[in-house]
Amino acid sequence: MSENVANTPTYDYPFGTLSVAMVTPFTAEGEVDYAAAAALANKLVDDGCDALLVTGTTGETSTLTDEENLGMFKCVVDAVGDRAKVFAGSTTNDTRHSLHLTAEAAKLGVDGILVTAPYYNKPSQAGVRKHIETIADSVDLPVMVYDIPGRAGIAIATETLIELAAHPNIVALKDAKADYQETTRVLANTDLHVYSGDDGLTMPLMAAGAVGVVSVTAHIATRTFRELVDAMHAGDLETARAKHFEIDPLQRAVMTHVQGVVAAKTILHWQGVLPDPTVRLPLVAASEEELAPIRADLAEAGWDL
């Protein structure tokens, strides 16, 4: 088990400040490896995460059964206990199905819920708002809204986010819109705790008032992200800038050549953290041609895996 990070400040946010959107480990046969998931969760918390997102996009939620999603929630809650916040990717583009999974996740002891914009359906903004508010109404837990138009096919309009912020359970936004001006409007007009949903934008979004990041790259660079987030909270821009530059080739390795989960699982396997890098169809393993630039980015960061 990793040595605990010393002197990590304590922050009073319901979704923490440094969260990893956890991969869901699979065996070579493609079954969920709950033992590997528990070990990974513990390592991430030991290395500095104060929150974990379970079965979000990077957790391959869309190819998990309900039983597997719920099994992952229980596994991670049991593994890290009260050492970190655990929030559940328990929502889909089906409001009724989302209500069921969210209710079951709450029974398993998760600390919060991630509600994504309804993907594929492409509802109106009124439909987006109703979907999110209906889920938030159904549970006595803090809710993080996830705005990711690149995957959902629609953006959550800034006006909709401002309206949603009035809901007592909706307290946070994972922002993967990559529109700094619109995120600034949300920060200026709401009390939402904003989290970068793009690893490379963590520092600039925190400079505008975001409280942290929900990261994929932090799987492999947890301590460096911890130092970046802590430096930004302390107003230490010199340290934060140095960590931002240190992370850059790593986030390129994870996020720019193949799907983030494919790269993250591959690198975690190279590091000896995951027993197997298997992903589920329609995702496939990276080819040797795709692995070459990942290795080059890691080498730029001084890593030899």
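As annotated in an unreviewed UniProt entry, the chain carries the name 4-hydroxy-tetrahydrodipicolinate synthase and comes from Zhihengliuella halotolerans. On record in UniProt, under Pathway (unreviewed entry), the comment for the chain is "Amino-acid biosynthesis; L-lysine biosynthesis via DAP pathway; (S)-tetrahydrodipicolinate from L-aspartate: step 3/4." Under the heading Function (unreviewed entry), UniProt records this for the chain: "Catalyzes the condensation of (S)-aspartate-beta-semialdehyde [(S)-ASA] and pyruvate to 4-hydroxy-tetrahydrodipicolinate (HTPA)."

1. Details of the packing of aromatic side chains
Per the counting criterion, the structure on display carries one aromatic pair. Aromatic pair Phe15 and Phe87: ring centres 4.9 Å apart, planes at 75 degrees, arrangement edge-to-face. Of this pair, Phe15 sits in the segment before β1 (18–21) while Phe87 sits in strand β3 (residues 85–88); the two residues are 72 residues apart in sequence, bridging distant segments of the chain. Owing to a relative accessible area of 1%, Phe87 belongs among the buried residues under this scheme.

2. Here's the deal with helix α10 (residues 237–255)
Its maximal kink placed at Asp248, α10 deviates by approximately 35 degrees, while the proline Pro249 follows within four residues. The set of residues buried in α10 consists of Ala240, Lys243, Ile247, Pro249, Leu250, Gln251, Ala253 and Val254. Buried residues along α10 sit in contact with α8 (202–208), α9 (222–234), α11 (260–270) and α12 (288–300).

3. Description of the environment of Val216
Topologically, Val216 is positioned in the loop between β8 (212–215) and α9. Distance in space between the C-alpha atoms of Val216 and Thr58 is 7.3 Å, their sequence separation being 158 residues. When near neighbours in sequence (up to four residues on either side) are disregarded, Val216 contacts Thr58, Asp199, Val254, Met255, Gly260 and Ala264.

4. Focus on the UniProt feature "active site" (unreviewed entry) in the chain
Mapped onto the present numbering, the UniProt feature "active site" (unreviewed entry) falls on Tyr146 and Lys174. The greatest C-alpha distance among the annotated residues, which extend across 29 residues, is 4.8 Å, indicating that they converge on a single site. Of the residues named above, Tyr146 and Lys174 line the largest pocket. Turning to its location among the elements, Tyr146 is positioned in strand β5 (residues 143–147). Sequence-distant contacts of Tyr146, defined by excluding residues within four places in its chain, comprise Thr57, Leu114, Val115, Thr116, Ala117, Ile156, Lys174 and Ala176.

5. Considering the sheet that holds β8
The strand order β1-β2-β3-β4-β5-β6-β7-β8 describes a closed barrel built from eight strands, whose pairing is parallel. Direction aside, neighbouring strands of the sheet carry axes that sit 25 degrees apart on average. Relative to β5, strand β4 (residues 112–116) is paired through four bridges, and the arrangement is parallel. What sits directly across from Thr116, in β5, is Tyr146.

Calculation rules
- Residues numbered from 1 in each chain as written.
- Predicted model: local features only at pLDDT ≥ 70, side-chain atom pairs only at ≥ 80, totals over all residues.
- Heavy atoms only, no water.
- UniProt positions renumbered as here; feature names shortened; annotations may be inferred.
- Phe/Tyr/Trp six-rings, centres within 6.5 Å; stacked < 30°, edge-to-face > 60°.
- Helix = DSSP H or I, 4+ residues; strand = E, 2+ residues; numbered from the N terminus.
- Buried < 20%, exposed > 50% of the residue type's maximum accessible area, 1.4 Å probe, protein only.
- Bend = angle between axes of the 7 residues up to and from the residue.
- Contact = heavy atoms within 4.5 Å.
- 1 Å grid on protein atoms, 1.4 Å probe; cavity = no way out; pocket = protein on both sides within 12 Å on 5 of 7 lines; lining within 4 Å.
- Pairing = 2+ DSSP bridges.
- Axes fitted to C-alpha atoms, helices over the stretch in contact; angles between N-to-C directions.

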